[in-house]
Amino acid sequence: MNSTPAQTLNDTARRFLERAEHYASILDGADQQWDAPTPCEGWTVRDVVAHTLDTERNFLATRELPLAKAPDHADPALAWRHHAAAVVAVLGQEGVAEHEYDGYFGRTTIAATMADFYGWDLVIHGWDVARATGQPWSLSDDEVASLSATADGWGPALHSDGVCGPEVEVAPSAPAYEKLLARLGRDPHWSA
């Protein structure tokens, strides 16, 4: 029996796949509201999806793992699904997920970068899309802890230009996921 690319993923790469699939479900629920404004100032839902596609493609290209032709952004949900399948195929190739390199925060692997940087980005931008398109969104306490730990590892770079905006103030009694969003420069109560 032949294995599919997803079956060959290591646990770290599988974490990326899970986050990519959740992001896809949010895009599916966007109900074609691609031009809706998002909490990312000046960005529409289409812009957020293009950002997630383009940054992942650029990262893999810099690691000499280019993907096939970029998907057409006319239908962002479909483009994302094609892209995610291509990423999973690359991560499923022998030795790719475990390949080490010197990253911005030290020695890491391709899979760890995809799961804990780009996958992290998918969770947060998933909130942006969900909020912009009127969808429910929540995280378990374990997911909040995991995302917070990743943010902790970035230190001051978390709020550098192009990453997260300045922290937003929320009530001390706010739920953990709202505190996380606020830490990442998002108003948990944002509306279009």
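Keep in mind the model is a prediction, meaning the values are calculated, not measured.

Re helix α6 (residues 176-183)
Buried within α6 are the following residues: Glu178, Leu180, Leu181 and Ala182. On the buried face of α6, the contacting elements are α4 (110-132) and α5 (141-154). Gly185, located one to two residues past α6, shows a positive phi value of around 85°.

A short note on empty space enclosed by the protein
Per the counting criterion, the structure on display carries one cavity of 30 Å³ or more. Its volume calculated, the largest cavity comes out at about 30 Å³. Lining the largest cavity, in full, are Arg19, His22, Tyr23, Ile26, Leu122, Val123, Gly126 and Trp137. At the level of elements, α1 (11-28) and α4 are the ones that each hand at least two residues to the lining of the largest cavity. Ranked by residues supplied to the lining of the largest cavity, first place goes to α1 with four residues.

Comments concerning the layout of surface pockets
Of the voids in this model, the largest pocket is the one considered here, and its volume is about 1000 Å³. Looking at the lining of the largest pocket, the elements that each hand over two or more residues are α2 (45-62), β1 (100-103), β2 (106-109), α4 and α5. Here the lining of the largest pocket takes nine residues from α4, the largest share from any one element. Each residue belonging to the lining of the largest pocket can be placed in one class, and the counts come to 18 nonpolar, 13 polar and seven charged.

Quick notes on the environment of Ala192
Tracing the backbone through its elements, the reader meets Ala192 in the segment after α6. A sequence separation of 180 residues divides Ala192 from Thr12, and the C-alpha atoms of the two residues are 35 Å apart.

Some remarks on the pairing of β2
Taken residue by residue, a regular strand's side chains alternate between the two faces of the sheet. Summarising the sheet, β1 and β2 pair through four bridges and their orientation is antiparallel. Directly across from Asp102, in β2, lies its bridge partner Arg107. Between the end of β1 and the start of β2, which pair antiparallel, lie two residues.

As for the packing of aromatic side chains
On inspection of all chains with the given rule, the structure shows nine aromatic pairs. Centroid distance Tyr104 to Phe105: 4.7 Å. Interplanar angle 85°. Geometry classified as edge-to-face. For Tyr104, a relative accessible area of 72% puts it in the exposed group. Note on Phe105: relative accessible area 47%, which makes it partly exposed. Taking the centre distance of 5.2 Å and the plane angle of 45° together, the rings of Phe117 and Trp154 count as tilted. Within this pair, whereas Phe117 is found in helix α4, its partner Trp154 is found in helix α5, the two being separated by 37 residues in sequence. Residue classification places Phe117 among the partly exposed positions, given a relative accessible area of 33%.

Some thoughts on the packing of α4 against α5
Where α4 meets α5, the axes come as close as 11 Å, and the angle between the chain directions of the two elements is 125°. Classified by the angle their axes make, α4 and α5 are oblique. Between α4 and α5 lies a crossing whose hand is left-handed. Across from Asp116, Phe117, Trp120, Val123 and Ile124 in α4, the residues of α5 making contact are Leu147, Thr150, Ala151 and Trp154. When grouped by side-chain class, the residues that make up the contact of α4 with α5 number seven nonpolar, one polar and one charged.

What counts and how
Residues numbered from 1 in each chain as written. Predicted model: local features only at pLDDT ≥ 70, side-chain atom pairs only at ≥ 80, totals over all residues. Heavy atoms only, no water. Buried < 20%, exposed > 50% of the residue type's maximum accessible area, 1.4 Å probe, protein only. Helix = DSSP H or I, 4+ residues; strand = E, 2+ residues; numbered from the N terminus. Contact = heavy atoms within 4.5 Å. 1 Å grid on protein atoms, 1.4 Å probe; cavity = no way out; pocket = protein on both sides within 12 Å on 5 of 7 lines; lining within 4 Å. Points joined across faces, edges and corners; volume = space filled by probe spheres on them. Nonpolar A, V, L, I, M, F, W, Y, C, P; charged D, E, K, R; others polar. Pairing = 2+ DSSP bridges. Phe/Tyr/Trp six-rings, centres within 6.5 Å; stacked < 30°, edge-to-face > 60°. Axes fitted to C-alpha atoms, helices over the stretch in contact; angles between N-to-C directions. Parallel < 35°, antiparallel > 145°, perpendicular 65-115°, else oblique. Left-handed = near helix turned anticlockwise from the far one by under 90°.

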